[in-house]
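Working through the structure, step by step
In case you want the letters, here they are:
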Amino acid sequence: MTVLPRAFAWQRTDTVGGEFVTLDDRRGLRAKGVAFAADNALYTCRYELHTDDSWASTRLELAVEGAGWLRTLRMERAAGRWRVTTSEQGDLERVLPTAPFSGIEDPDRLHAVLDIDLYNSPLTNTLPIRRLGLHRAEPGTKVDIEAAWVLLPSLAVLPYEQSYEVLGPRRVRYRSENFTAEIDLTEDGYVAEYAGLATLA
């Protein structure tokens, strides 16, 4: 088992929950994390996330589990295409009747995606910030991206347009559809405070 040299923990500020991750960011990112929450259903999520040296996402494996159900998801990008596989045990719909199917029907819809955004995960906001150097960019810098948004607890995967705007030293504004939030960053681009969501412990 590989020992990873860094660790972060975030406490959710919008609900009972949190995220803990160990990682190695010396050449891209390799991270192993666990998150739990009691927002739309009580669940725990364990994941492993890899990027290439440029911080473009290459692989995500995760399992999310609650009382009487378990879902898994694997996403892998190779030769510019995403492959997405899922599995399910038990019955999430019994707990959350509105839960969509896991995965994505047509992975080619993700052809432009270089970043994975795990639902309410402070860690995954770091991916485009580091990939695009926004933690060191000049105020006023703005970028638009398309991310693969992985919903929890369903593990549905959606292509999702997002924007990041640099407001000042170690502060960015995140936008997606009608949602806006300001994010304070650490010196190396990790989330320190995500307004209305989480704070670094």
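Residues numbered from 1 in each chain as written. Predicted model: local features only at pLDDT ≥ 70, side-chain atom pairs only at ≥ 80, totals over all residues. Heavy atoms only, no water.

Attention now moves to the overall build of the protein chain. Helix and strand content of the protein chain: two helices and 14 strands. Whereas a compact globule of 201 residues would reach a radius of gyration of roughly 17 Å, the protein chain reaches 16 Å, a difference of no more than 12%. Considering only C-alpha atoms, the protein chain reaches an extent of 50 × 40 × 40 Å along its principal axes. Across the 201 residues that make up the protein chain, the buried fraction comes to 49%. Just so you have it, the protein chain exposes about 9,800 Å², and 49% of that area is on carbon and sulfur atoms. (Helix = DSSP H or I, 4+ residues; strand = E, 2+ residues; numbered from the N terminus. Rg over C-alpha atoms; globule rule 2.2 N^0.38 Å. Buried < 20%, exposed > 50% of the residue type's maximum accessible area, 1.4 Å probe, protein only. Areas by Shrake-Rupley, 256 points an atom, 1.4 Å probe, with all protein chains shown as cover.)

So, about the nonpolar core. Formed by 56 residues in total, the largest nonpolar core has its most connected members in Tyr 47, Leu 62, Met 75, Leu 110, Leu 123 and Val 150. In terms of residues, this core owes the most to one element, strand β9 (residues 142-150), which gives six residues. Ignoring anything within four residues of it in the chain, the contact list for Leu 62 reads Cys 45, Arg 46, Tyr 47, Arg 71, Thr 72, Leu 73, Leu 118, Val 150 and Leu 155. (Core = buried A, V, L, I, M, F, W, Y, C linked by side-chain atoms within 4.5 Å. Contact = heavy atoms within 4.5 Å.)

Now for helix α2 (residues 122-131). With nine of 10 residues buried, α2 lies mostly within the body of the structure. Along α2, the residues classified as buried are Pro 122, Leu 123, Thr 124, Asn 125, Thr 126, Leu 127, Pro 128, Ile 129 and Arg 130. With its phi angle positive at about 70°, Gly 133 sits one or two positions after the end of α2.

Another aspect to go through is the packing of aromatic side chains. Applying the stated criterion across every chain, the model contains seven aromatic pairs. Both rings, one in Tyr 119 and one in Trp 149, keep their centres 6.2 Å apart while their planes meet at 40°; by these two values the pair is tilted. Here the residue Tyr 119 occupies a position in the loop between β8 (115-118) and α2, and Trp 149 occupies one in strand β9, the gap between them amounting to 30 residues. (Phe/Tyr/Trp six-rings, centres within 6.5 Å; stacked < 30°, edge-to-face > 60°.)

Attention shifts here to the environment of Leu 92. For Leu 92, the location among the structural elements is in helix α1 (residues 92-95). The buried category is assigned to Leu 92, whose relative accessible area is 0%. For the pair formed by Leu 92 and Ala 67, sequence separation is 25 residues and the distance between their alpha carbons is 8.6 Å. Excluding anything up to four places from it in sequence, Leu 92 contacts Trp 69, Arg 71, Ala 99, Pro 153 and Ser 154.

Considering all chains together, one arrives at 20 salt bridges under this definition. In this structure, the salt-bridge partner of Glu 61 is Arg 74, at a minimum N-O distance of 2.4 Å. Within this pair, whereas Glu 61 is found in strand β5 (residues 57-66), its partner Arg 74 is found in strand β6 (residues 69-78), the two being separated by 13 residues in sequence. Accessibility expressed as a relative area gives 29% for Arg 74, which makes it partly exposed. Here Glu 182 ties to Arg 173 by a salt bridge, and the two come within 3.5 Å at their closest N and O atoms. Overlapping salt bridges bring together Glu 165, Arg 171, Arg 173, Arg 175, Glu 182 and Asp 184 as one network. (Salt bridge = Lys/Arg side-chain N within 4 Å of Asp/Glu carboxyl O.)

Along the polypeptide, Gln 162 turns up in strand β10 (residues 157-168). Within polar-contact distance, the side chain of Gln 162 engages the side chain of Asp 117 at 2.7 Å. Apart from the residues lying within four places of it in its own chain, the contact partners of Gln 162 are Asp 117, Val 143, Asp 144, Ile 145, Ala 147, Tyr 174, Arg 175 and Ser 176. (Polar contact = N/O pair within 3.5 Å; in protein donor to acceptor, adjacent residues only side chain to side chain.)

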